[in-house]
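Here is how the chains run, residue by residue.
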Amino acid sequence: MKKKEEKDNVIYVDGPEEVAEENLKKKREYTSQKKLGIIILFLVMVAVAIWVYYILNREYKGYKVIKTNETNYENTASYIQFSGNLLKYTPDGVSYINANGDTVWVAGIDMKMPVAVASGNYAAVADLNGNVVCVFNNEGQVSSVTMPYTICDVDVANQGAFAVVLESDETNYINLYNKNGEIVYEIQTTIDKSGYPLDITISDDGEKLFTSYLNIGTNSVSNNLAAYNFGDVGQNSNADRMVGGYMFEDQVIPKLEFVDNDTVVAFGTKTISIYSMKEKPSEKAKLSFSKEIRSVFYSEKYIGVIYNGDTDTETKDSSYVLEVYDLKGKLNFSTKINFEYDNIYAAEKELIISGGNDCVIYRSNGNVKFNGKLSGNIISVVPNGNNLEYVVVYSDSTEIIKLKAEANMEDTTEIKGE
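Reference entry: report on the structure contained in this document. Computed from a prediction, not measured in an experiment: that's the story for all the values here.

1. Remarks on empty space enclosed by the protein
Under the defined criterion, the tally for this structure stands at one cavity of 30 Å³ or more. Among the elements of the structure, β3 (85-90), β30 (378-383) and β31 (389-394) are those that each provide at least two residues to the lining of the largest cavity. The greatest single-element share of the lining of the largest cavity, amounting to three residues, is contributed by β30. Among the residues making up the lining of the largest cavity, the classes are represented as seven nonpolar, five polar and no charged.

As structure tokens, then:
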């Protein structure tokens, strides 16, 4: 066959055999290049996976101070995490402190024994054994309500609705209000029939309520849990909106918490029960403990306990056991804490425990992210939104610190700020 000259993309050959050889050669080259590309891509993916695993699981040995702000935190003040930052409250005032330690707003109150709870961007401050409840968001005060009876307990939902337990001479009331202080529903109970109310918790949407009642008999102690639904399901169930209940013998349930809108946890002195409650409650899991529970904590992804561990026979030092479970009751990890802790902050992806100037940060899988000593007596440690940065509140200052891989050079035994 005579050579034929056409456009540049035409292959010049002399016959069918040459065509076959040329095509086979190109196919082999293409296959070889494809295999090489796959191998390179695989190696890159392995390298990235190793790098990501290292970054997500590495332990940081030191930190540097990015910013310091002098503040005056009175010993009489109390603090809770609120809207990603800090809410400070005293008998005569409430203030919102941002991640830089700056006071965003201040609101005056007049309470003898203020207690505060927060959920999302709302907080409620109530005068325990008094009559006033104030609701705040991150922009300031939303409402102030005077209750008809003495306040025993309070809880707030993500959108500002709040529930209070009120006590009169003969009757207890559990009242639900919207964020503006307008009453939504009232539940009446008596100590003779229901027992003494220990704790309440309200769901994120403000439609579901769990209560714990203590009953003291002649020879025994029991604890009843009651679940209420203020939506359509509760309206169709009973006149009092009650949609379920549970009884516990010979133990007290002092703490209830909706960890998300459809999951409530009952923290008892011997057991922890996890309930699913989209409409009506059903038990998902129950955890039993042989030792007395010292502290409990929770987030939207996990719950946990701290109880007394064994004492070292040689040093006489005592330790605490930390256990973290998922919301199905499966143990995520268990470890020891070898210092006296005061504060626990449970975030979605990490757990921060501090006491004195000691601080340890655990990832949700149990790996230690940081374990060391900070530069003063710690009031609070919270993440500021960046992966390695934290807001540390001391009695006289607020610091923003950033974790680093190496220990600080000035003292490798006690890690201090730069």
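2. Considerations on the sheet that holds strand β17 (residues 242-249)
Backbone-to-backbone hydrogen bonds join strands into a sheet, with any given pair of strands oriented parallel or antiparallel. Spatially, β14-β15-β16-β17 is the arrangement adopted by the four strands of the open sheet, whose pairing is antiparallel. Strands at the two margins of the open sheet, each flanked by one partner only, are β14 (196-202) and β17. Strand-to-strand twist in this sheet, taken as the mean axis angle between neighbours without regard to direction, amounts to 15°. Examined bridge by bridge, strand β16 (residues 221-229) and β17 share seven bridges and lie antiparallel to one another.

3. Considering the environment of Phe230
When you line up the elements, Phe230 lands in the loop between β16 and α2 (232-237). Judged by its relative accessible area of 15%, Phe230 falls in the buried class. Spatially, the C-alpha atoms of Phe230 and Val243 are 9.8 Å apart, while their sequence positions differ by 13 residues.

Calculation notes
Residues numbered from 1 in each chain as written. Predicted model: local features only at pLDDT ≥ 70, side-chain atom pairs only at ≥ 80, totals over all residues. Heavy atoms only, no water. 1 Å grid on protein atoms, 1.4 Å probe; cavity = no way out; pocket = protein on both sides within 12 Å on 5 of 7 lines; lining within 4 Å. Points joined across faces, edges and corners; volume = space filled by probe spheres on them. Helix = DSSP H or I, 4+ residues; strand = E, 2+ residues; numbered from the N terminus. Nonpolar A, V, L, I, M, F, W, Y, C, P; charged D, E, K, R; others polar. Pairing = 2+ DSSP bridges. Axes fitted to C-alpha atoms, helices over the stretch in contact; angles between N-to-C directions. Buried < 20%, exposed > 50% of the residue type's maximum accessible area, 1.4 Å probe, protein only.

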